[in-house]
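# Report on the structure
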Amino acid sequence: GACWAYEGTKNKIMSFRHNLVVVTEDVEPAPNSAVRRVVERQQPDGNCHFTITIYDIKNKFKVFSNAQKYAQQAVFKNISFLLSDGGSIFVITNEGGPNKSVKQDLWKLKEKDTQTKLEMLFKKHMYKEAINLAKSQQFDAASIAEITKKYGDRLYSEGKYDEAVDQYINTIPQGEPSYVIWKFLDAQRIQNLRRYLEALHHKKYANEDHTTLLLNCYTKLNDLAELNRFIRQPVLHYDSETAIKVCRQAGYYDNALHLALKSQDHNSYLKIQIEDLRSYSEALDYIRGLPLEDAEVYLQKYGKMLVSHLPEETTQSITQICTHWSPTPKALGTAGTGSPPQSRHLTPPRMSPVDVAPARTRSQPNRYQQCFVDEPVYLLRFLEFVVNHGLTVDDDNSSIWNTLLELYLTGAQAPNQADKVRQCHEALRILKDPKAKYDPGHALLLCQKSQFREGIVYLYEHKLGDLYNDDEVSNRVHLYRDLLNYYMQQKDHQNIVQLCKTHGQDDTNMWLEALLYFVQSDEGEFAAEISEILQHIDEEDVLQPLAVVRILAKNSKTKLATIKDYILHRLEEQVNAIEADRQAIQELQTDTRQKRAEIQELQTTAVIVQTNKCSHCHSALVIPAVHFLCKHSFHTRCLGEVIDECPLCQPQVRQVTEMMASLAESRDNHNGFFAHLRDSSDRFSTVAEYFGRNIFNGDYGPNPEMDTDSDSD
């Protein structure tokens, strides 16, 4: 093992724990000689002085000595024995007295506790010894770090900054980094701060702020070599995202690109290439080398900017990702100044077979429309490619069809009239395509905005009506009215009449609106159209003749010849109706007089029954027999138990009775009357019908006051 030399003549030696106890006689230098000699300093009493020295072997320092130069220590004479027991050392001395007497003394040396030892070392600024003592006593790391920090503070106060940093580094990770960083924030101490931050990163206890500060130190010192060494170390001991951010801010784009590639930070790499270096081609090549999931994200994020600068290449990449994506990594060059040679020709990281999901090989086209917001020409090409290759079959991509329609109708990529006509034909083809999943309502707005007449008419007639069920007739009627108004705005007179012919049976008011339009038009006379409309109004009985005449009177240019046929026909119908009503009244009055005469005869005159056969069995009538006023006769056996009603007339009588009871009940059913009146197309006839039922009088018997002999109408 190791060997140490101790001065003086050893009298006694003893080990005590990890200490070495050495007893020596006092010595002094020999005169005119470099050789030391033992001087027996005989006192008058004949005693010798001894020195006890205790050495801490492990920590290599003297912990106790009673040498004369330490005035506060005891003086031992004639040491005879050294003993140890537990935590103490016992010294036995033989001190001679007068008359050759001997005095024995027992001395006890007790070891101080560790904390007291440390405080004594702190007062003497013996921090190294204090650290060694703490380690030998198995202090925890936090306590040792605290002692080391005090040592560093002492060195810092003495201006020994390099040594202080060494001690502060030893406090990692128990020490608080912010305490040390605050001490070296001065620009003159930036080298010391850099050392401490490098140690933090090397021991993997640095956070984002520490990385930022260290990189800023490199940039402030303009130490590109150290920056490259730190950035390009094989194992990253720092947060790459923070390092990339600092390098970008300082303009070290090559280092930032290197970190982005090394950490597979696609977003940061593309940001640097696109936003800082404007290297759009390299960025697009990088995206082409990414797997489908990542390529989707970054094409959507940076696609708009890439399309603005590389429209052809970006459009090709987007169409590729919508059909079949196959990553094709290429050699990438990084732009910038001061880049080291090894930063050139970097390639994006290749994905392992485990990372690639083989289930999906293409993306949805509707995710990339926003990339072409400032390039309608390339957007039109992209959407045509999507539609022509059937990429909208599996999914609901109504936005694609709507956008394609809008581009066709707004004349994108149509510098001349022929191209505009072609695009209108394409738009109409899409509208008629049963596979096209566009929104009919949105398509109608586009057609109206572009004044695309063919598309508007087609949508009204074939698409918009399909949005409603057959029961929702009122909604379909509103669509036809909208189409009618559109024809009126376009002054398409022929289609106005044709639309009324086709759908006028669903909404008779369409004829009225058409008539008002032609009558109020100031463009000239429309005798043929008005005559045709009047003919249909007459056939459908939409309006009363007087209302029609009032409408036609609003136009002073309307000639009588235009409405002559209508008026004559209506008058003829009215005359025929009056004559038919007159005949019906006469027949009813004649029948009524006959019925009243029969009733009077039954009430005042005896009825002679001359029937000789049974009305039931048609055999000869024999007594007993029953005769009824209706002149029907029956055998008693043919009548059964009911003999007060004629079996033959009973159903008719019962029907009349039930009808009268029903009329009596309907007299109080006001809601039913008004409902019938509201739904009736001819309300006057409805009221006349109720009067004819004699409901409003409440008397359902014969009216004696009626003049049955009157021939008046």
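Moving on: the pattern of salt bridges. Think of it this way: side chains of opposite charge can pair up when their charged atoms draw near. Summed over all chains, the structure comprises 17 salt bridges. Between Arg229 and Glu226 there is a salt bridge, and its shortest N-O distance comes to 2.9 Å. Here the residue Arg229 and the residue Glu226 both occupy positions in helix α8 (residues 224-231), the gap between them amounting to three residues, near one helical turn. Of the residues examined, Glu226 reaches a relative accessible area of 23% and is grouped as partly exposed. Measuring nitrogen to oxygen at the nearest pair gives 3.7 Å for the salt bridge that ties Arg248 to Glu275. Of this pair, Arg248 sits in helix α9 (residues 240-250) while Glu275 sits in helix α11 (residues 266-276), and the two are 27 residues apart along the sequence. By sharing partners, the salt bridges in this structure join Arg194, Glu198, Asp223, Glu226 and Arg229 into a single network.

The next point concerns the pairing of strand β5 (residues 49-56). The buried fraction of β5 amounts to eight of the eight residues, a majority that puts the element mostly inside the structure. Along β5, one buried face is formed by His49, Thr51, Thr53 and Tyr55 and the opposite face, lined by Phe50, Ile52, Ile54 and Asp56, is buried too. As paired elements, strand β2 (residues 19-25) and β5 share seven bridges and run antiparallel to each other. By the bridge assignment, Val21 is partnered in β5 with Ile54. As paired elements, β5 and strand β7 (residues 76-77) share two bridges and run antiparallel to each other. Bridged to Phe50 within β7 is Phe76. Between β5 and strand β6 (residues 61-65), which pair antiparallel and follow one another directly, the connecting turn spans four residues, one of which, Lys60, has a positive phi of 65 degrees.

Overall, the coordinates contain nine aromatic pairs when judged by the stated rule. Seen in terms of ring centroids, Tyr218 and Phe230 are 5.8 Å apart; in terms of plane orientation they differ by 50 degrees. Their pairing is tilted. Placement of the pair is Tyr218 in helix α7 (residues 208-221) and Phe230 in helix α8, with a sequence separation of 12 residues. Residue class for Tyr218 comes out buried when judged on its relative accessible area of 1%. Through a chain of ring-to-ring contacts, three or more aromatic side chains come together here, namely Tyr156, Tyr161, Tyr168 and Phe184. Its end group placed over the ring of Tyr161, Arg189 keeps NZ or CZ at 4.1 Å from the ring centre. It is Arg381 that lies over the ring of Tyr378; its NZ or CZ is 4.9 Å from the centre.

What follows covers the side chain of Thr314. Looking at the element boundaries, Thr314 is found in helix α14 (residues 311-323). Thr314 has contacts with Leu284, Gly303, Leu306 and Val307, leaving out every residue within four places of it along the chain.

Given 3.6 residues per helical turn, the α-helix brings residues three or four places apart onto the same face. Within helix α4 (residues 161-170) the residues assigned to the buried category are Ala164, Val165, Gln167, Tyr168 and Ile169. Of the surrounding secondary structure, the elements contacted by the buried residues of α4 are α2 (127-136), α3 (141-157), α5 (177-183) and α6 (190-202).

Turning our eyes to something else, we now look at the nonpolar core. Formed by 128 residues in total, the largest nonpolar core has its most connected members in Tyr196, Ile318, Phe382, Leu431, Tyr438 and Leu515. With near-sequence residues (within four places) excluded, Ile318 lies in contact with Leu299, Val307, Tyr368, Cys371, Phe372 and Phe382. Counting 15 residues, the second-largest nonpolar core is a separate cluster that includes Val21, Phe64, Phe76 and Ile79.

Turning our attention to the packing of helix α15 (residues 376-388) against helix α16 (residues 398-410). Remark: α15 packs on α16, axes separated minimally by 10 Å, with the N-to-C direction vectors making an angle of 130 degrees. Considering the angle they form, α15 stands oblique to α16. Relative to α16, α15 is oriented so that their crossing is left-handed. Along its contact with α15, which presents Pro376, Leu379, Leu380, Leu383, Glu384, Val386 and Val387, the element α16 presents Ile400, Trp401, Thr403, Leu404, Leu407 and Tyr408. For the contact of α15 with α16, a count of residues per class yields 11 nonpolar, one polar and one charged.

Looking now at the side chain of Thr24. Mapped onto the fold, Thr24 is located in strand β2. Not counting chain neighbours up to four residues away, the residues in contact with Thr24 comprise Glu7, Gly8, Thr9, Lys10, Asn11, Phe50 and Thr51.

How each quantity is defined
- In this numbering scheme, every chain counts its residues from 1 along its sequence in written order.
- Local features in a predicted model are, by the rule used here, given only for residues with pLDDT of at least 70; side-chain atom pairs are given and counted only at 80 or more, and totals for whole chains, interfaces and linings are based on all residues.
- Remark: hydrogens and water are excluded; side-chain values derive from all non-hydrogen atoms of the structure.
- Salt bridges are defined by distance alone: a side-chain nitrogen of Lys or Arg within 4 Å of a carboxyl oxygen of Asp or Glu.
- Where helices and strands are cited, they refer to DSSP runs of H or I of at least four residues and of E of at least two residues respectively, numbered from the N terminus.
- For the exposure calls, accessible area comes from a 1.4 Å probe over protein chains only, and a residue counts as buried if that area is under 20% of its type's maximum, exposed if over 50%, partly exposed in between.
- Each pair of strands is called paired provided DSSP finds at least two bridges between the two strands.
- Ring pairs shown here join Phe, Tyr and Trp side chains whose ring centres sit within 6.5 Å, with only the six-membered ring taken for Trp; geometry is labelled stacked below 30 degrees between planes, edge-to-face above 60, and tilted in between.
- Two thresholds decide whether a charge sits over a ring: the Lys NZ or Arg CZ must be within 6 Å of the ring centre and within 35 degrees of the ring normal.
- By the convention used here, residues are in contact when the closest approach between their heavy atoms is within 4.5 Å.
- Take the buried residues of types Ala, Val, Leu, Ile, Met, Phe, Trp, Tyr and Cys, join any two whose side-chain atoms come within 4.5 Å, and each joined set is a nonpolar core.
- As a rule, the C-alpha atoms of each element are fitted with a line to give its axis, helices using only the stretch in contact, and angles between N-to-C directions run from 0 to 180 degrees.
- Orientation is classified from the angle alone, with under 35 degrees giving roughly parallel, over 145 giving roughly antiparallel, 65 to 115 giving roughly perpendicular, and any other angle giving oblique.
- What makes a crossing left-handed is the near helix being turned counterclockwise from the far one by less than a right angle; a clockwise turn instead makes it right-handed.
- Residues are grouped as follows: Ala, Val, Leu, Ile, Met, Phe, Trp, Tyr, Cys and Pro are nonpolar; Asp, Glu, Lys and Arg are charged; all remaining types, including Gly, are polar.

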